[in-house]
Amino acid sequence: MTAATLPAVPALERPALALRCAFAGTGDLLRLALRRDRVLLPAQVAVCVLLFVSTLSSVSELYGTQEQRDTIHATLVSNPAFLVLLGPYENTGSVASTVSWRVGIFMVAVFGVLAVMAVVRHTRKEEQLGRLELVRAARVGSLAPLVTGLVVGVIFSVVSGALTAAVVWPEGPSGGAVALGAQVVAVGLAASGIAAVTAQVASSSRGANSLGVWTVIGGYLLRGGADVDPDALGWLHWVSPVGWAQQIDPYGANDYRPFLLCVGVLVVGGLAAAWLTLHRDLGAGLIAERRGPAHSASLTSAAALMVRLTRSSFVIWAVSIGVYMFFVGYLMATAGELVTQNEQFAGYIAAMGVQGSDIAAGFAALIMSWTAYAGAGYGVTVLQDARAEESLGRTEVVLATRASRPGYLGAWLAGAVGGAVLLLGIAGLALGAGNALASDTGWGASLGDGLGAAVVHLPAVLVVITFTSALLGWFPRLVGLGWAVIAASFLVTLLGSLLDLPDAVVDLSPFAHAPAVPAVAWADVDWAPLGWLLLVAAGLLALAFTGYRRRDVPVV
């Protein structure tokens, strides 16, 4: 009897095979990603670019002459708070150069944060939700999702930079406009490379976003320290992409060599992320999620679970808002000086809708009105986390226990509302503390004014959060529309006077009804609009609980 001879098994060539097919399906994934982001990305770009448009209109009216620009330069050239927030105001030759200083480096950092989120959204988040495993089961290469995320980040950055340059092009030298656009593109490209790496390091999209966003924000703050003391700390300009981008110096040196450094971060980050992708398991990260004990004495309710899932995110929001508002409070002491030396600055504050004789109080009311959007945004983020828990199937497991549907939804709503209230409180206290340290105003009065400026925005924030909760209760797939309400309200408030919109349109924004406390005395506050906002929030809250009790869980 002759033994059967088995055919020889060829040796596995995994690296060669992986590299040969690693990019398969990239085109299809990219088309899918752009289709999914066909609303979100244009909306983000539009909001940021419209900020440049609005600022350009205000600056053209208030600082249209060289004399006016020289006056504001003499007033702000050595103010440390302005240096931290906006950088040095050195190029006063045109309206466009003033716009570049007024919103340039801050918005550049914002574009970088959005680029981080775009890359993580199409890499680590897809992996965390389990969709990437299904996609990879088809004829899709191992590097196709990574390349897709990077390309989305690059497209977002290039389009944002091009539109920014187009906005300021008519108001100054064309070379400066190109350099300003290059700043936006540079930080966006570097942020995309950083996000590609953080998406491999972290095991969750929340962790990847946190690492990437804090890298960008940290660079922005380090750059501020370098601007305050360039002799001793000037080297901090060269430790982050935000600092590199500032060295491009639009309307000044127009030096594009720092742009190449940011491109280098994109290339090196992309290559490092590709190597990590090929050498790790799908769904894993370099920093493994720490598993808790099988039994916990603290996670005994849906509320405790909500706190555990959102606490790190809350800390990031609280620190960011607190630091920013502290510097804003420090600027309040300078506001009165700006009025006495520069009437145009007073006109700018008045043009933004602030009323009242105390310009420092008006300045505080103006900034706090912007912070209210951040508080509402945090609430929407928490409710989006609740939706993500449902999509992952974990909500169904929790509801299989003794937890009730109203109790579960109530826990997440308490986290959203409570977190937003705490953030506004932190913003008010930080604003008051900064003002108390920089001025002769007593601590009690400063902290009281800061908290008062925050409290009046709570009804509008509650309307946004309860509207989002109603979407979660009835149409959970549309919960992201909470951000659309925030963006629309911001644009209506921002562009209302610029576009001469009817009062009926402006009043559609819940934030338009908040009084400008402390510029407006409490005795002069019209409480009726705030009461109506609270009634609307109560109605939306009841609608949310009704819908959540009736619909299927989960809805995928």
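Quick notes on unusual backbone geometry
A cis amide bond, omega 0°, links Val 553 with the succeeding residue Pro 554. Checked against the element boundaries, Pro 554 lands in the segment after α24 (527-550). Although it is not a glycine, Asp 249 adopts a positive phi angle of roughly 55°. As for its placement among the helices and strands, Asp 249 is situated in the loop between α13 (241-246) and α14 (257-278). Not every positive phi belongs to a glycine, and Tyr 251 is a case in point at roughly 65°. Locating Tyr 251 in the fold gives a position in the loop between α13 and α14. You can call Tyr 251 buried: its relative accessible area is 13%.

Things to note about the pattern of salt bridges
Under the defined criterion, the tally for this structure stands at 12 salt bridges. A salt bridge links Arg 36 to Glu 126, with the shortest nitrogen-to-oxygen separation between them at 3.2 Å. With Arg 36 in helix α2 (residues 26-36) and Glu 126 in helix α7 (residues 124-128), this residue pair connects regions lying 90 residues apart in the sequence. Look at Glu 126 and you get buried, because its relative accessible area is 11%. In this structure, Arg 394 engages Glu 389 in a salt bridge whose closest nitrogen and oxygen atoms are separated by 2.7 Å. According to the relative accessible area criterion, Glu 389 is buried, its value standing at 7%. A single network of salt bridges, built from pairs that share partners, joins Arg 36, Glu 126 and Arg 131.

Conventions adopted
Residues numbered from 1 in each chain as written. Predicted model: local features only at pLDDT ≥ 70, side-chain atom pairs only at ≥ 80, totals over all residues. Heavy atoms only, no water. Helix = DSSP H or I, 4+ residues; strand = E, 2+ residues; numbered from the N terminus. Buried < 20%, exposed > 50% of the residue type's maximum accessible area, 1.4 Å probe, protein only. Salt bridge = Lys/Arg side-chain N within 4 Å of Asp/Glu carboxyl O.

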